[in-house]
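Letter by letter, the chains look like this.
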Amino acid sequence: MVRHFLDFEGYTAEEILRIVDMAIEFKRKGYPDTKPLSGKCILLIFEKPSTRTRVSFHVAITRLGGDSIPISTGEMQLSRGEALSDTARVLSAYVDAIIARVYKHETLSEMARYSSVPIINALSDRFHPCQALADIMTIKEIKGELSDVKVAYVGDGNNVCNSLIQACSLLGVRISVASPREYRPSEAVIAQAREWVKRSGGSIELTESPEGAVRDADVVYTDVFVSMGQEEERERRLKVFYPGYKVTERLMSLAKPDAIFMHCLPAHRGEEVDASVIDGERSVVWQQAANRLHTEAALLLYLLRDGGKI
Ligand code: CP
Ligand code: NVA
């Protein structure tokens, strides 16, 4: 049965750690000379902009010896009304995996229903699991033992937040989320995380207080207040988030003295984070962004080789 990667559901902690450890190995020792994706072609579909995801996947595929085709949905017959189910069926006859960034998560679920090759979520309105893989790798590299770590996420309970909650609760990382009541993470994700932490030994806490969330935190994480597709809500959102949920030096000073700052990027300096924080000594955002390359290579290899296809 083909395995997709739309979110962390259906994956075990051991599998995710295997992917993360493979990524750490790639970073340390380089990519295999055997070119394990040689002869494979992977399609990258984008409904919305991307810098990191698009380029890091392309480079990861190249390093592993495969080919990739980037395409925007505007260039496809989808934009003229071709059914998603027909598109997914046809494309999966040509390529070995489909990586897609979409507005609605349901688009990915439907593609997955009709595709005979893995569908990988390159960001949807609900999840950004590829980002969370690089986040976990970065935390592991810097902090070591994941079960000792507390992550504080401050801001919008969005796609990045939902995936971070899933990854943390699966792997036994304690997570505290501070968001305004109306912008909390998905209730389904919270309920699932409450179940997952029973097994993993992690914990999940929700609060409206950024100060409360960052207490004793090893990691302070934020993302934009206005995600792609929410541009019309900008004014309303800023009223709710700004400045209370901005990560400032003062907020960082309430976390552990060696706490790191993380952001998936792109960032808006002065909005969700002060420039002095993201450009400061405790920021690991460049390492975090660089790690996308390695986790994406490891994910592809896991799904295409270890997952059964090669
Ligand atoms: N963090 C992230 O996914 O960046 P891009 O939108 O540039 O791909
Ligand atoms: N939450 C952001 C993440 C961008 C990588 C968005 O969806 O636009």
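Below is a summary of the structure that appears in this document. Residue numbers restart at each chain and count upward from 1, following the sequence in its written direction. Whichever chain is written first is A, and whichever ligand is written first is 1; the rest continue in order. Side-chain atom pairs in this predicted model are given and counted only at pLDDT of 80 or more, local residue features only at pLDDT of at least 70, and totals for whole chains, interfaces and linings cover all residues. Excluding hydrogens and water, the side-chain values take into account all heavy atoms of the structure.

Here we look at the environment of Cys-41
Cut-off, in case you're wondering: Helix numbers and strand numbers start at the N terminus; a helix is a DSSP run of H or I with at least 4 residues, a strand a run of E with at least 2.
Within the element layout of this structure, Cys-41 appears in strand β1 (residues 41-46). Along the primary structure Cys-41 and Asn-291 are separated by 250 residues, whereas in three dimensions their C-alpha atoms are 22 Å apart.

Remarks on the sheet that holds β1
In plain terms, the rule: Note on pairing: two strands pair once DSSP finds at least 2 bridges between them. Lines fitted to C-alpha atoms define the axes here, with helix axes fitted over just the stretch in contact, and angles between the N-to-C directions of these axes take values from 0 to 180 degrees.
Taking strand neighbours across the sheet as the criterion, the four strands line up as β2-β1-β3-β4 in an open arrangement whose pairing is parallel. This sheet does not close on itself; its edge strands, each paired only once, are β2 (67-72) and β4 (119-121). Mean inter-strand twist for the sheet, computed between neighbouring axes without regard to direction, equals 20 degrees.

Brief notes about the nonpolar core
Filter applied, for reference: Here, the term nonpolar core denotes a set of buried Ala, Val, Leu, Ile, Met, Phe, Trp, Tyr and Cys residues that are joined through side-chain atoms within 4.5 Å. Exposure is judged per residue with a 1.4 Å probe applied to protein chains only, and the accessible area is read against the type maximum: over 50% gives exposed, under 20% gives buried, and values in between give partly exposed.
By size, the foremost hydrophobic cluster in this structure holds 65 residues, and its most contacted members are Phe-5, Phe-8, Ile-16, Ile-99, Ile-120 and Val-151. For this core, the element with the highest residue contribution is helix α12 (residues 285-306), accounting for nine residues. Among the nonpolar cores identified, the runner-up in size contains 24 residues, and Val-154, Val-220, Tyr-245 and Ala-255 belong to it.

Quick look at the packing of helix α6 (residues 159-171) against helix α7 (residues 187-200)
Formally: For classification purposes, angles smaller than 35 degrees are called roughly parallel, those larger than 145 roughly antiparallel, those between 65 and 115 roughly perpendicular, and all remaining angles oblique. Crossing handedness: left-handed means the near helix sits turned counterclockwise from the far one by under a right angle, and right-handed means the same turn made clockwise. Here a residue-residue contact requires only that any non-hydrogen atoms of the pair lie within 4.5 Å.
The N-to-C vectors of α6 and α7 enclose an angle of 20 degrees; their axes lie 7 Å apart at closest approach. It follows from the interaxial angle that α6 and α7 lie roughly parallel. At the point where α6 passes α7, the crossing takes the left-handed sense. Of the residues in α7, those in contact with Asn-162, Ile-165, Gln-166, Ser-169, Leu-170 and Leu-171 of α6 are Val-189, Gln-192, Ala-193, Trp-196, Val-197 and Ser-200.

Some details on the pattern of salt bridges
Quick reminder of the rule: Any Lys or Arg side-chain nitrogen located within 4 Å of an Asp or Glu carboxyl oxygen qualifies as a salt bridge.
The final tally for this structure, using the stated rule, is 18 salt bridges. Residues Glu-211 and Arg-250 are paired through a salt bridge, measuring 3.6 Å at the closest nitrogen-oxygen approach. One end of the pair, Glu-211, is in helix α8 (residues 210-214); the other, Arg-250, is in helix α10 (residues 249-253), with 39 residues separating them in the sequence. What makes Arg-250 exposed here is its relative accessible area of 53%. When salt bridges that share partners are traced, they join Asp-156, Glu-233 and Arg-237 into one network.

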